[in-house]
Amino acid sequence: MIDNLVIVESPAKAKTIEKFLGKDFHVTSSMGHIRDLAKKDFGIDLKNNYSPDYIVPTDKKKIVSELKKLSKEAKTVWLASDEDREGEAIAWHLSEVLKLDPAKTRRIVFSEITKNAIQESIKKYRSVDINLVNAQQARRVLDRLVGFELSPVLWKKVKPSLSAGRVQSVAVRLIVDREREINGFKTTSNYRVTAAFNIPDTGGKVQVLKAETDKRFTTKAEAKAFLEHCISGKFRISDITQKPSKKSPAPPFITSTLQQEASRKLGFSVSQTMSVAQRLYEAGHITYMRTDSVNLSQLALNAAKQVIQEEYGEKYVHIHTYKTKAKGAQEAHEAIRPTYIANKTIDGTNAEKRLYDLIWKRMVASQMSDAQFERTTVAIEVSNSPVRFVAQGEVLQFEGFLKLYLESTDDESDEETKGLLPPVKVGDELSYTEISAVQRFTLAPPRYTEASLVKKLEELGIGRPSTYAPTISTIQNRGYVLKEDREGKERKYEVLNLKKGIITEDVLKEIYNREKSKLFPDNIGMIVNDFLIEYFKDILDFNFTAKVEKDFDFIASGKLEWTLMIDKFYKPFHEQVEKTLEVSDYSKGERELGTDPETGKQVIVRMGRYGPIVQIGDAQTETGEKPRYASLLKGQQLETISLKEALDLFRLPRSIGDYEGKELTVGIGRFGPYVRHNSKFYSLKKGIDDPYKITQERAIELILEKIEQEKNRLIKTFDDEPDLQILNGHWGPYISYKKKNYKIPRKMVPADLTREDCLKIIENPPAKKSSKK
């Protein structure tokens, strides 16, 4: 007989909770994730080749039956799933599936896995909150209705195997809209004028005062005219203003800000951040990681105060109270913070340590004093000119929270850090050493990163902490959005330089629009987006999606019946689905580009069966003539590709001669440009070889180079065992046998191995060393 049975979701969480409860409590997990707990609690022997996070359906049945048996034996059953709506729904489902007796069932919630929090939750147990369950049920039902009804429409009208979703489709729309905004952006240029003035100090040394004009010049002629005026102009300090300023620390993390900052500071993807945070929570290191509240408990505030006093001193302590800004924030959870703030570091993987360090610093810094600055602005007048030079400086007088932590931003501007200005006073006359006018260009809106997309979704009130990571993963997995780096383009810019009364002109080069880990819409994503906007405008409307989230909040607070909300949505939505199937055309994203000058036939781009293509001409039944096709290259879009770019795709593959009696062909494939010879492919070198210009001699050179590499790769072969080879690889020598690779022990010399030696290694390969500590 069991006195108290505690059921949680994951074995890792169960293992941590078990440490804080006495012998009267038996803690178990509703998901058999970890091998040892599955075997101990349910008698399931997970083999070594099972992933710890995988369990087959037949085992799930066994788990349910075993849980039923355990719950019947227990005097009291405690449901300890997570404190959000998803956790409440899990608790309700457990009650239903296990047929738990309400008289002996208790629901407990806690935002941190600590002894005090768990014991306090047991004192304040309650029953399952059906309103929270209904809010989660409403979300699942609505999202499935949208997905199950819209996806078949896309299969019939756009392309098979596509999918749509209430939140994911809106996320794709944001990325598509931004891409079109960038494509339609018209870059303009202006001239930024800066000057360096010499300021002699009392010791005879010369310091430099850097300043910039208070206006930018729109043309080169205007900038040059100003520089010509400066040749004979006089410069005098006309005004100096000094103002104190301060910078306050950022609030402790909520889910969205943790995802954004981990992306910026640690380079983590949104899904990676949530996976690592989940492990930290289940190990008892941090509070619950799916939250939109910035509240902190009094206990946490007191602990932070003590740490700050000990580490930095009393003057660095300033207790801040933050208010949640997120639209329709869910239940009053606590912000993400360390459970034991005195623990500056933890044991764990490198990723866990880095994320914990970020959370610790952010939380402690949030309760530190403001940073104090003095900002100085110096105005420099130019004789007989309305244009002034302005120099700005900033002195950090008290670092406050900056001693520990500074929040990063997504700002991509190239603003210079303001530093200390040399001592000057009003009326001082200055002489310039150099005045420059540099051509600068306006910037298009930046593409979204995963972090900035989360920020935008949160601003619009779309989705909730638990939905950001799966939404962003889904739109990438579906192929609607690509996350990738892209090389920038080269452009020229002009520089005018005034030095010693002489103006010189120069033309320099720079790389712009270089992208790193940005989100780009794929062609199919743009086509699906346009189709849904045309026929299901309400579903993709930002306000509609945010209103749905508010309705879920009303359901959670018991102010709205969830079935009425679903019914009100579904009837008109289903009618629109039926109407769309009747009246809509098949959408291919087709666009006319013009006429092929060689044949006079029409050139179009569209989505084909296997991806975006260019098509020249139509099928002619009378003559049997067929259209010509070419696939678009990576990064090319149906709506932006030009006629010239499209026709260039038909220049390849091209023949450039022959070698050893076999034709040499140049083309572009899935992995980039290549030379094909005798049914083998040889990659062209990036940045060196142009597929449209490469010569026969260069192609032969690439082939011979590759053959030489292959010779060095082969160490030994066996005539009586053709599939058996000893090869040289990136990580050293290895055995290749029937498309499988086997590591050679370090003590053995690869060239001396016999056939029998190799087969012994294959039969008994060396044990792999675990990469985990």
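Residues numbered from 1 in each chain as written. Predicted model: local features only at pLDDT ≥ 70, side-chain atom pairs only at ≥ 80, totals over all residues. Heavy atoms only, no water.

*Asks:* Pulling in residues and values, what's your account of the overall build of the chain?
*Replies:* Across its full length, the chain holds 20 helices and 26 strands. In terms of overall dimensions, the chain has a C-alpha envelope of 100 × 80 × 70 Å along the principal axes. In the chain, which comprises 773 residues, the share counted as buried stands at 46%. Contacts in the chain between residues far apart in sequence, at least 24 positions, make up 68% of those at least 6 positions apart. Looking at the chain as shown, the accessible area adds up to about 42,400 Å², and 49% of this sits on carbon and sulfur atoms. Charge centroids of the chain, computed over 126 positive and 112 negative side chains, lie 3 Å from each other. (Helix = DSSP H or I, 4+ residues; strand = E, 2+ residues; numbered from the N terminus. Buried < 20%, exposed > 50% of the residue type's maximum accessible area, 1.4 Å probe, protein only. Contact = heavy atoms within 4.5 Å. Areas by Shrake-Rupley, 256 points an atom, 1.4 Å probe, with all protein chains shown as cover. Lys, Arg positive; Asp, Glu negative; His and termini not counted. Charge placed at Lys NZ, Arg CZ, Asp CG, Glu CD.)

*Asks:* A description of the pattern of salt bridges should follow, citing residues and the corresponding values.
*Replies:* Across all of its chains, the model carries 59 salt bridges by this definition. Taking the shortest distance from any N to any O, the salt bridge between Asp-214 and Arg-388 comes out at 3.6 Å. With Asp-214 in the loop between strand S6 (206–213) and helix H8 (220–232) and Arg-388 in strand S9 (residues 388–398), this residue pair connects regions lying 174 residues apart in the sequence. A relative accessible area of 43% means that Asp-214 is categorised as partly exposed. By relative accessible area, Arg-388 is classed as partly exposed at 34%. Its salt-bridge partner being Glu-484, residue Arg-486 comes within 2.6 Å of it at the nearest N-O pair. A single network of salt bridges, built from pairs that share partners, joins Glu-9, Lys-13, Asp-82, Asp-84 and Arg-290. (Salt bridge = Lys/Arg side-chain N within 4 Å of Asp/Glu carboxyl O.)

*Asks:* Residue-level account of the sheet that holds strand S4 (residues 105–107), with values.
*Replies:* Strand order in the open sheet formed by 4 strands is S2-S1-S3-S4, and the pairing between neighbours is parallel. What marks the edges here is a single partner per strand, and that holds for strand S2 (25–29) and S4. Pairs of neighbouring strands in the sheet enclose a mean axial angle of 25 degrees, with direction left out of account. Two elements, strand S1 (residues 2–8) and strand S3 (residues 74–79), share 5 bridges in a ladder whose sense is parallel. Note on S3: the bridge partner recorded for Asn-4 is Thr-76. (Pairing = 2+ DSSP bridges. Axes fitted to C-alpha atoms, helices over the stretch in contact; angles between N-to-C directions.)

*Asks:* Mind laying out the sheet that holds strand S15 (residues 591–595), listing which residues take part and the relevant values?
*Replies:* As summarised here, the arrangement of the 4 strands in space is S15-S16-S17-S18, forming an open sheet in which the pairing is antiparallel. Both edges of this open sheet fall to S15 and strand S18 (628–631), since each of them pairs with a single strand only. Mean inter-strand twist for the sheet, computed between neighbouring axes without regard to direction, equals 25 degrees. Bridge count for strand S16 (residues 602–608) against strand S17 (residues 611–616) is 6 bridges, and the pairing is antiparallel. Within the sheet, the bridge partner assigned to Ile-604 lies in S17 and is Gln-615.

*Asks:* Residue-level account of the packing of aromatic side chains, with values.
*Replies:* Following the criterion strictly, the structure yields 16 aromatic pairs and no others. For the ring pair Tyr-674 and Phe-681, a centre distance of 5.1 Å and an interplane angle of 75 degrees mean the geometry is edge-to-face. Judged by relative accessible area, which is 18%, Tyr-674 ranks as buried. Here the aromatic residues Phe-197, Phe-217, Phe-226, Phe-235, Phe-389 and Tyr-432 are joined through ring pairs into a cluster of three or more. The ring of Phe-373 carries the charged tip of Arg-375 above its face, separated from the ring centre by 5.7 Å. The cationic tip of Arg-440 hangs over the ring face of Tyr-493; the distance from NZ or CZ to the ring centre is 5.6 Å. (Phe/Tyr/Trp six-rings, centres within 6.5 Å; stacked < 30°, edge-to-face > 60°. Lys NZ or Arg CZ within 6 Å of the ring centre and 35° of its normal.)

*Asks:* So, the environment of Pro-244: which residues are in play, and what are the values?
*Replies:* Here Pro-244 shows up in strand S7 (residues 235–247). What makes Pro-244 exposed here is its relative accessible area of 73%. If we ignore the near neighbours within four places in the chain, the residues touching Pro-244 are Phe-373 and Glu-374.

*Asks:* If you had to explain the pairing of S1 to someone new, which residues and values would you point to?
*Replies:* Burial analysis of S1 places 6 of its 7 residues in the buried class, the great majority of the element. Sheet topology places S1 next to S2; 5 bridges connect them, and they run parallel. Each bridged residue has a counterpart across the sheet, and for Val-6 the counterpart in S2 is Val-27. On the question of chirality, the crossover connecting S1 to the parallel S2 by way of helix H1 (residues 11–18) is right-handed. (Right-handed = clockwise from strand over helix to strand, strands pointing away.)

*Asks:* Please provide a residue-by-residue account of helix H5 (residues 115–123), values included.
*Replies:* Where H5 is concerned, the buried positions are Ala-117, Ile-118, Ser-121 and Ile-122. Seen from one end, H5 has its buried residues packed into an arc of 135 degrees, which puts them on one side. Residues Asn-116 and Lys-123 are exposed on H5 and point more than 90 degrees away from its buried face. Its buried side turned inward, H5 meets H1, S2 and S3. (Arc of directions from axis to C-beta.)

*Asks:* A description of the environment of Tyr-480 should follow, citing residues and the corresponding values.
*Replies:* Of note, Tyr-480 is situated in the loop between helix H14 (468–477) and strand S11 (481–486). With relative accessibility at 3%, the residue Tyr-480 sits in the buried group. Note: C-alpha distance between Tyr-480 and Val-176 (304 residues apart in sequence) is 9.7 Å. Excluding its chain neighbours within four sequence positions, the residues that come into contact with Tyr-480 are Leu-154, Leu-162, Ser-163, Gln-168, Val-172, Ile-475, Phe-520, Pro-521, Asp-522, Ile-524, Gly-525 and Val-528. A polar contact is formed between the side chain of Tyr-480 and the backbone oxygen of Ser-163, at a distance of 2.5 Å. (Polar contact = N/O pair within 3.5 Å; in protein donor to acceptor, adjacent residues only side chain to side chain.)

*Asks:* Can you tell me about the packing of helix H7 (residues 166–183) against helix H13 (residues 450–460), naming the residues and giving the values?
*Replies:* Their axes nearest at 11 Å, the elements H7 and H13 cross at an angle of 115 degrees. Here H7 and H13 pass one another in a crossing that is right-handed. Every residue of H13 that contacts H7 at Ala-171, Leu-174 and Ile-175 is listed here: Leu-453, Lys-456, Leu-457 and Leu-460. Here the residues of the contact of H7 with H13 are counted per class, giving 6 nonpolar, no polar and 1 charged. (Left-handed = near helix turned anticlockwise from the far one by under 90°. Nonpolar A, V, L, I, M, F, W, Y, C, P; charged D, E, K, R; others polar.)

*Asks:* Can you lay out helix H17 (residues 562–583) for me, pointing to particular residues and giving the numbers?
*Replies:* With 22 residues, H17 ought to run about 32 Å at 1.5 Å a step, and its terminal C-alpha atoms sit 32 Å apart, in line with that. Of all the residues in H17, the buried ones are Met-565, Ile-566, Phe-569, Phe-573, Val-577 and Thr-580. The inward-facing, buried residues of H17 abut helix H6 (130–157), helix H15 (523–535) and helix H16 (542–556). (Expected span 1.5 Å × (residues − 1).)

*Asks:* For the pairing of S15, give the residues involved together with the corresponding values.
*Replies:* As paired strands, S15 and S16 are joined by 4 bridges and run antiparallel to one another. Its bridge partner being in S16, Glu-592 is matched across the sheet by Ile-604. Connecting the antiparallel pair S15 and S16 is a turn made up of 6 residues, with Gly-600 showing a positive phi of about 75 degrees.

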